[in-house]
Amino acid sequence: MEQTYIEDIAHKVGEEVLICGWLYNRRESGKIQFLLIRDGTGVIQAVVTKADGEAFEKALRLTQESSLKVRGTVREDARAPGGYELQIKDIEIVQRVEEKYPIDLKEHGPAFLLDHRHLWIRTPRQTAILRLRHEVMQAIRDFFNERGFIATEAPILTPSACEGTTTLFEVNYFDEKAYLSQSGQLYLEATAMALGRVYWIGPAFRAEKSKTRKHLTEFWMAEAEVAFFDHEQNLKLQEELVKYVIGRCLQKRARELKELGRQTESLERAVAEPFARITYAESLEIINELLKERIASGEVEKLNWGDDFGAPHEEALGQHFGRPVFVEFFPAKMKAFYMEPKPDNPDLVLAADLIAPEGYGEIIGGSQRISDINLLKQRLKDFGLPEEPYQWYIDLRKYGGVPHSGFGLGVERLTTWIAGLEHLRETIPFPRMIYRLKP
RNA sequence: UCCUCGGUAGCUCAGCGGUAGAGCAACCGGCUGUUAACCGGUGGGUCGCAGGUUCGAAUCCUGCCCGAGGAGCCA
C-alpha cells in the first residue's frame with residue numbers, strides 16, 4: 001500500500017490509507033487511545049480502541065517519537081485537532097524508542113533546546129518555520145528565474161579580505177591563508193559582466209562577536225547583480241523581490257503562518273503598498289525626533305552625521321512607517337569602497353538599506369557599483385586597501401566597465417520577519433552563533 | 001569585549017544560614033472522546049566548579065566555567 005502524507009489527508013476521507021511517521025504524543029483513557037502522529041507534512045490524530053485487539057496492544061507499547069506505520073480509515077471529526085482523524089486498523093512499529101525522549105511537550109529553555117536542536121526541529125512549530133524558510137528560498141529562485149536571471153555561484157574559500165572591515169574566519173589552505181566568504185558580491189560582479197543578470201543564494205560567514213537576536217556567524221544571503229542597472233532600477237528590483245516572496249508565503253504557507261500565530265496585517269500591507277523611501281539625511285532627523293525622549297534621558301544615543309543605526313534606531317524607523325522603508329544616499333565614508341558616488345554630491349553614495357517594520361531591522365543592503373577604473377583605484381587608496389588582491393576586480397573596469405548594481409538580502413532576517421519570530425536562530429536548521437557550534 | 005540576570009531532579013522552577021522541594025516527564029495502577037487529557041502511587045539530587053566565612057552553606061564572600069538578554073561590533 002502506498003504511503004499517504006498527512007498534508008493530503010483532506011482528499012482521502014472515507015478511504016483506507018497508510019501513514020508513515022513518528023509518534024508525537026499518546027493519550028489514553030482506559031479502553032481508547034489517541035495517537036498524535038507526525039510525518040513531516042503535518043500531524044494527525046489516530047484512534048484505536050480495545051475492540052481493535054492487536055493494534056490496541058501495540059499502541060500501548062508506543063513511546064514518544066517511536067517510528068511507525070499505521071493503516072486506517074480517514075474520517076472528518078470536529079473533535080480531532082485539524083478536523084480529520086484516522087481510525088486505526090493496523091500498526092507496524094518500525095523502531096520503538098526505549099529511552100526517555102529528551103524533549104517533552106512542556107516548556108524548555110533556549111539553551112536546552114539549542115543543545116537538542118537535532119530533535120527540536122521535529123516539533124510542529126519548528127517544522128512550520130523550516131517549511132516557511134523553504135518557501136522563502138524557493139520564491140527567491142522563482143522570482144529571479146522568471147525574470148531571466150542566471151543562477152551562478154561565488155566561491156566560499158577566498159584569498160583575501162574582500163572589504164577589509166568585517167572579521168573573517170581564517171582557514172589553512174594548504175600552506176596559505178584563506179578566508180570563508182563574507183559575501184559573494186565581488187565575484188557576482190564578474191559573472192554579471194559575463195551573463196548580464198545573475199543571482200545566487202549562498203552562505204556568508206562573519207567572525208564578528210555579535211550577540212544579538214539578529215546575527216548568526218553563518219547565514220544565507222540572496223545576492224543579485226545586474227549589468228547596466230542603476231540605483232533606481234536596483235531599488236525597484238528589490239521591492240519587487242520582497243513583495244513577491246511575502247506574497248508567496250501568504251498564499252502558499254497560510255497554514256504555517258497560522259501555526260506560528262503570525263498576525264499578517266503588516267505583511268499584507270508590505271505587499272499592497274509602495275515601500276517608503278527616505279534619504280539618510282532625512283532618517284537622522286526622523287529618528288532623532290522619534291526618539292527624542294529616550295535620547296534626552298540618555299537611554300539611546302543621538303545620531304550624528306556619519307553614524308550607523310543601532311537596533312533602537314532601526315526599530316523606530318520601522319514602526320514609524322509601518323511598512324518596509326529604503327534609506328538611501330549614505331555618506332561614502334560609512335559604506336564600502338566600491339559604491340558609486342551620487343553625481344550631484346560625491347560625498348554620498350548610490351546605496352540603500354531596506355529596513356523591515358515591526359523591529360526586524362535591515363534585511364537588504366545594496367548599491368550601484370563604481371564603474372570607472374580610476375575612481376575605483378582612488379577609493380581603494382582612500383580606504384587603505386592594497387590594489388594587488390583586487391587586480392581581477394579592477395580588470396572588470398578595464399575590460400568593458402559598465403554601470404551596474406546589486407544587493408544582498410539576508411534570508412534568515414527576512415524569514416524571521418515573515419514568521420514574526422523573536423530570534424532568527426529558529427529560521428535555520430542548525431544555527432551557528434558566537435557561543436554555539438554544536439550540534 | 002562590556003553591562004544585567006541566571007546555573008538546584010530528565011525538563012521548568014521554588015527554597016536564600018538550621019534534615020533537598022513542587023509541577024511536568026519516566027515507571028506502576030485506574031478511566032471508551034482525549035485535546036500540553038485527567039486521577040492515585042513509586043523511584044529520582046556532586047544544589048555549575050574551586051576556595052573562604054560559620055558550630056552549621058544550595059543559601060553569605062572571592063575566583064573561575066557555562067548560558068540567556070542587551071550593548072558594542074556588524075557590505
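Everything quoted here is computed from the prediction, not taken from an experiment. (Residues numbered from 1 in each chain as written. Chains lettered and ligands numbered in written order. Predicted model: local features only at pLDDT ≥ 70, side-chain atom pairs only at ≥ 80, totals over all residues. Heavy atoms only, no water.)

Enquirer: Sorry, what's going on with the pattern of salt bridges here?
Expert: Two side chains bearing opposite charge may form a pair once their charged atoms approach each other closely. Tallied over the full model, the rule gives 35 salt bridges. We note a salt bridge from arginine 133 to glutamate 412, for which the minimum N-O separation is 2.9 Å. In this pair, arginine 133 is assigned in helix H4 (residues 124-146) and glutamate 412 in helix H14 (residues 411-419), connecting sequence segments 279 residues apart. A single burial state applies to arginine 133 and to glutamate 412, both of which are buried. Measuring nitrogen to oxygen at the nearest pair gives 3.1 Å for the salt bridge that ties glutamate 328 to arginine 277. Of this pair, glutamate 328 sits in strand S13 (residues 325-328) while arginine 277 sits in strand S12 (residues 276-279), placing them 51 residues apart in sequence. For glutamate 328, a relative accessible area of 6% gives the class buried. For arginine 277, a relative accessible area of 36% puts it in the partly exposed group. The structure contains a network of salt bridges with shared partners spanning Arg131, Glu135, Asp142, Arg248, Arg253, Arg255 and Glu256. (Salt bridge = Lys/Arg side-chain N within 4 Å of Asp/Glu carboxyl O. Helix = DSSP H or I, 4+ residues; strand = E, 2+ residues; numbered from the N terminus. Buried < 20%, exposed > 50% of the residue type's maximum accessible area, 1.4 Å probe, protein only.)

Enquirer: I would appreciate a short explanation of the sheet that holds strand S10 (residues 197-205) in the present structure.
Expert: In sheet architecture, strand pairing relies on hydrogen bonds along the backbone and comes in two forms, parallel and antiparallel. If you trace the 8 strands from one edge of the open sheet to the other, you get S6-S10-S11-S18-S17-S16-S13-S12, paired in mixed fashion. The strands lining the two open edges of the sheet, one partner per strand, are strand S6 (150-151) and S12. Relative to S13, S12 is paired through 4 bridges, and the arrangement is parallel. What sits directly across from threonine 279, in S13, is glutamate 328. On the sheet, helix H11 (residues 311-321) packs against S12, S13, strand S16 (351-356) and strand S17 (361-369) and is oriented at approximately 135° with respect to S12. In the packing of H14 onto the sheet, contacts are made with S10, strand S11 (218-227), S16, S17 and strand S18 (404-410), and the angle to S18 comes to roughly 55°. (Pairing = 2+ DSSP bridges. Contact = heavy atoms within 4.5 Å. Axes fitted to C-alpha atoms, helices over the stretch in contact; angles between N-to-C directions.)

Enquirer: Even after reading the chapter, I still don't get H11, so can you show me in this structure?
Expert: Owing to its 3.6 residues per turn, the α-helix aligns residues three or four sequence positions apart on the same side. Listed in full, the buried residues belonging to H11 are His313, Glu314, Ala316, Leu317, Gly318 and Phe321. Residues of H11 that are buried make contact with helix H8 (265-272), S12, helix H9 (280-290), S13, S16 and S17. Positive backbone phi, approximately 70°, marks glycine 322, located one or two places after H11.

Enquirer: What am I meant to see in a nonpolar patch on the surface here?
Expert: Side chains of Leu157, Tyr173 and Phe174 sit close together on the surface and give an oily, nonpolar patch of about 350 Å² of accessible area. As for its placement among the helices and strands, phenylalanine 174 is situated in the loop between strand S8 (170-173) and strand S9 (176-180). (Patch = residues over 30% accessible without salt bridge, like charges linked within 9 Å, V, L, I, M, F, W, Y side chains within 5 Å. Areas by Shrake-Rupley, 256 points an atom, 1.4 Å probe, with all protein chains shown as cover.)

Enquirer: How do you make sense of empty space enclosed by the protein when you look at a structure like this?
Expert: Unoccupied space between atoms shows up once a probe the size of one water molecule is rolled over them. Counted according to the given criterion, the structure contains 2 cavities of 30 Å³ or more. Taken as a whole, the second largest cavity holds about 30 Å³ of empty space. (1 Å grid on protein atoms, 1.4 Å probe; cavity = no way out; pocket = protein on both sides within 12 Å on 5 of 7 lines; lining within 4 Å. Points joined across faces, edges and corners; volume = space filled by probe spheres on them.)

Enquirer: Help me understand the domain arrangement of chain A in this model?
Expert: Frequently, the measure chosen for interface size is the accessible area removed from exposure when the parts meet. By the assigned domains, chain A splits into domain 1 (6-95) and domain 2 (117-427). In this structure, domain 1 and domain 2 have C-alpha centres spaced 45 Å apart. Each partner contributes to the interface: domain 1 provides 8 residues, whereas domain 2 provides 4 residues. Together, Tyr24, Arg38 and Gly40 form the three largest contributors to the area buried by domain 1 at its contact with domain 2, with a combined 52%. Our enumeration of links across domain 1 and domain 2 arrives at 1 salt bridge. When the shortest N-O distance is used, the salt bridge between glutamate 65 and arginine 122 registers 2.9 Å. Counting across the interface, domain 1 meets domain 2 through 3 residue pairs in polar contact (both at pLDDT 80 or more). A breakdown of the residues in the side of domain 1 that touches domain 2 according to their chemical character gives 2 nonpolar, 3 polar and 3 charged. (Domains from an automatic or database assignment. Buried area = accessible area lost by both parts, 1.4 Å probe. Polar contact = N/O pair within 3.5 Å; in protein donor to acceptor, adjacent residues only side chain to side chain. Nonpolar A, V, L, I, M, F, W, Y, C, P; charged D, E, K, R; others polar.)

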